[in-house]
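Residue-level structural notes
Listed below are the residues making up each chain.
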Amino acid sequence: SDLQPGDILVTERNGGQAGHTGVFSGDGQIVHNSSDRGYLIRQSATMWGSIISRNPSKSFTFRYTCG
């Protein structure tokens, strides 16, 4: 709920490997790659929220800060 533009979201696959990764672009949107479609997709952050809420202990948000 406190996402800021540039935040990186990562879900985890089985076995502890990084799963899907996206970047919050603001205005409630996440930009991520679709391996099925072969191009970048801009999608509602609420879709990602539902994925993260199903497995919050294996989902991460990274934020770069200067300073």
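This text goes with the structure placed above it.
Computed from a predicted model, the values in this text were never measured in an experiment.

**Here's the deal with the overall build of the chain**
The secondary structure content of the chain amounts to one helix and five strands. For the chain, the N- to C-terminal ordering of α and β elements is β-β-β-β-α-β. Taken over 67 residues, the chain has a buried fraction of 22%. Counted over contacts in the chain with a minimum sequence separation of 6, partners at least 24 positions apart contribute 29%. With the model as given, the accessible surface of the chain reaches about 4,900 Å², and the carbon-plus-sulfur share is 50%.

**Considerations on the pattern of salt bridges**
This structure, assessed with the given rule, holds one salt bridge. For the salt bridge of Arg63 with Asp7, the shortest nitrogen-to-oxygen distance reads 2.6 Å. Residue Arg63 is found in the segment after strand 5 (59–62), and its partner Asp7 is found in the segment before strand 1 (8–12); the two are separated by 56 residues along the sequence. Since its relative accessible area comes to 2%, Asp7 is described here as buried.

**Describing the pairing of strand 4 (residues 39–44)**
Looking along a regular strand, one sees the side chains alternate between the two faces of the sheet. With six bridges joining them, strand 3 (residues 29–34) and strand 4 adopt antiparallel strand pairing. Its bridge partner lying in strand 4, Gln29 is registered against Ser44. Counted along the chain from strand 3 to the antiparallel partner strand 4, the turn is four residues long, and its residue Gly38 has a positive phi close to 80°.

Cut-offs applied
- Residues numbered from 1 in each chain as written.
- Predicted model: local features only at pLDDT ≥ 70, side-chain atom pairs only at ≥ 80, totals over all residues.
- Heavy atoms only, no water.
- Helix = DSSP H or I, 4+ residues; strand = E, 2+ residues; numbered from the N terminus.
- Buried < 20%, exposed > 50% of the residue type's maximum accessible area, 1.4 Å probe, protein only.
- Contact = heavy atoms within 4.5 Å.
- Areas by Shrake-Rupley, 256 points an atom, 1.4 Å probe, with all protein chains shown as cover.
- Salt bridge = Lys/Arg side-chain N within 4 Å of Asp/Glu carboxyl O.
- Pairing = 2+ DSSP bridges.

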